[in-house]
Amino acid sequence: MGDQMQFVVEKLNQEPFRKNYNLISFDSLEPLQLLQVLSDVLGEIDPKHAVDIREELPEQTAKRMLNLLGILKYKPPGPVSDLSAFRQGLVTGSKAVIHPVLHWLLQRTSELRTRAYLARFLVKLEVPAEFLQDDTVADFNKQYEELMEAFKNLHKEHEQLKISGLSTAEIRRDISAMEEEKDQLAKRVERLKKRVETVQNHQRMLEIARQLRLEKEREESLAQQKQEQKSQLFHAEQRLQRAQVQLKEMQHVVADSKPESLMKKLEEEINFNSYLVNEKIPREMESKKTSVYFLQKVVAEPAMTQADLTALESEIEEVNAQINQLIEKRIITYEPTDSKFSMYRQQASIISRKKEAKAEELQAAKEEMSRLERQVEQKNSQAHELGGSEVLTEDEKKRQEIAEITAECGVLQRTEELLRQRHEATQQQLQAIEEKKGISGYSYTQEELERVSAVKSEMDEVKGQTLDNMSEMVKKLNAMVAEKKASLAPVIKELRQLRQNCQELTQECEEKKIQYDSCAAGLETNRSALEQEVKGLLEECAQEESNYRYIHCMKRSLEIQLQRAKEEMKAYVSPEPQERRRAVREQYTRIILEQENLGKKLREKQKVVRESHGPNMKQMKMWQDFEKLMECKRECFLKQQNQAAIGQIIQEGGKDRLVL
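What you see is a predicted model; the values in this text were computed from it and never measured. (Residues numbered from 1 in each chain as written. Predicted model: local features only at pLDDT ≥ 70, side-chain atom pairs only at ≥ 80, totals over all residues. Heavy atoms only, no water.)

## Considerations on the packing of aromatic side chains
Consideration 1: Enumeration over the complete set of coordinates arrives at three aromatic pairs.
Consideration 2: Residues Trp623 and Phe626 carry aromatic rings whose centres are separated by 5.9 Å and whose planes lie at 85° to one another, so their mutual orientation is edge-to-face. In this pair, Trp623 and Phe626 are both assigned in helix α18 (residues 613-646), three residues apart and thus about one turn of the helix distant.
Consideration 3: Assessed through its relative accessible area of 42%, Phe626 is described here as partly exposed. (Phe/Tyr/Trp six-rings, centres within 6.5 Å; stacked < 30°, edge-to-face > 60°. Helix = DSSP H or I, 4+ residues; strand = E, 2+ residues; numbered from the N terminus. Buried < 20%, exposed > 50% of the residue type's maximum accessible area, 1.4 Å probe, protein only.)

Written out as structure tokens, the structure reads:
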């Protein structure tokens, strides 16, 4: 609930609301203020609902909000029986009702804005059946439904164009640029026509140029057909070579192998093929089917906007956070049995991955081996066709070429040096003759004139060729303009397909990223499990070390006791009396004798006590009776003294008198 309120407050503080709330101020809003905030959010989605709720009755406000929430397909949390409570909470402005509604609306504002816009045109008006009996009403209703369907189709095309990324402004710019280019080409064509009209037989030359172009196109098509036939011939030769190689292999295997080796090889191939058929290929097919299913599902769904992508990314982040929390809880509630099972499962997955990798490596090695065998066969056939001459390796060829080039380079350098010397001698002689004749610099001027004349002739040839090329280029440009116009629509379609492929690749990249994150989370889980296992092993090591120290102490104690026993035995068997007295056995023997004498005396005393018990008890009884008698006399004496103090008792004639 706290995260929900935090999200709502952040969205309300952003554009276009700018409420400047915090958690405390938002939580302390009155019901009327909370309803006004909800009305503002609904007004941002549908401008018709941007009203002040103080200007309308509470029933109208609740009805308006419930109608729009129904159009937006909002489902209140909880069972269906709580719908009445939801309506009542919406009327009274209850936080428990309005906070979830705000969270749901602010999560998908752009999507809901589009849905509210479409609802203005696609919410069908229900006409009673008795009114549809009228032909005019029925025609209008039919026309209304047709317009609704047309609006649906136009909206779908509009969304597809938005997704495709084509902009009308860009298309207009391209068309205007092409029209400008067309005008420029038309002007150039006119200028060239005016130039060509001055040439004699220009129509015949144009016709010859047209025929030449047609013949060149035909030559290109024939060259393409020839290339295709060569390619087909090459593929057929490759198939024939592969078949011959397989035939030779089979013949070699049949000639050199034994039945046991053949059976073993066949069993290996059967096991490998059965693994491919039963495990690898079904798994790959299942993954391909799953990816195709998801792609079909994505294609079937309507076009997604940036807001939808943002919402999906936020949901993915929330799910990843929940997964991490569950992983942490699992690590906290760690149990050894679960760790053992996870370790076994991890080992099984590692073995299966290794098995798949080895199978792929084996298949790739087989393909590489077959390719190399084909290359060897081709090289052998080429060598045989060349007359059986020795085929040099690449290194030997390179060494031979380097030696030839080095020798040729030396010869050319020597030739260049000789020619340079001759040229210098000739130039010196020529200069001397020119100075002698008084025409110094004549040879240089003559060379410059020859060079300029050669350049002029080349320029003339280039100009002539340029005119021909210009006419041909004009024709080609006209054809290219027509082709571009004709091929513009397919290019746009292809561009759409490429953009769709780009979106698919982007989605695949996101899926790979999710797989990477899940794999990273799994590795983190394994790391935590290994850390727990290492911690347990360290504790076990500490316990074993403690047991070792305890056993070592017990061993030391037993050794001391054994040493004392040896010393006692040595003292006991010693012939010296002094040593024998120090022995523990002798000490305990003396103590036993003393205790036996004490016990004997106590038994004699007990016997005396038993014999005198009866008379002593009788005497004690007599003393107790005597004690009681004396106590009674004491009490009587005290009582008599008390009576004498009060009065005097006189006995006369058998009568007692008290005299005070």
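There's plenty left to go through after this.
## Here we look at a negative patch on the surface
Consideration 1: A cluster of acidic residues, Asp3, Glu313, Glu315, Glu317, Glu318 and Glu510, forms a negative patch at the surface.
Consideration 2: Here the element with the most residues in the negative patch is helix α12 (residues 306-332); it accounts for four residues. (Patch = residues over 30% accessible without salt bridge, like charges linked within 9 Å, V, L, I, M, F, W, Y side chains within 5 Å. Areas by Shrake-Rupley, 256 points an atom, 1.4 Å probe, with all protein chains shown as cover. Salt bridge = Lys/Arg side-chain N within 4 Å of Asp/Glu carboxyl O. Lys, Arg positive; Asp, Glu negative; His and termini not counted. Charge placed at Lys NZ, Arg CZ, Asp CG, Glu CD.)

## Observations regarding the confidence of the model for the protein
Consideration 1: Confidence in the prediction for the protein averages 78 pLDDT; 81% of positions are at 70 or higher.
Consideration 2: The model gives residues 335-339 a pLDDT under 50, and that stretch makes one contact with residues more than four places away or in other chains. (pLDDT = per-residue confidence, 0-100. Contact = heavy atoms within 4.5 Å.)

## A closer look at the pattern of salt bridges
Consideration 1: For the coordinates displayed, the defined rule picks out 14 salt bridges.
Consideration 2: A salt bridge links Glu44 to Arg113; its shortest N-O distance comes to 3.5 Å. Taken together, the positions of Glu44 in helix α3 (residues 31-45) and Arg113 in helix α7 (residues 109-122) put the pair 69 residues apart, joining distant regions of the chain.
Consideration 3: A residue is classified by how much of its surface remains accessible, and Glu44, at 29% relative accessible area, is partly exposed.
Consideration 4: Arg414 serves as the salt-bridge partner of Glu417, at 3.8 Å between the closest nitrogen and oxygen. In this pair, Glu417 and Arg414 both sit in helix α14 (residues 394-437), three residues apart, roughly one turn of the helix.
Consideration 5: Taking the relative accessible area as the measure of exposure, Arg414 reaches 49% and is therefore partly exposed.

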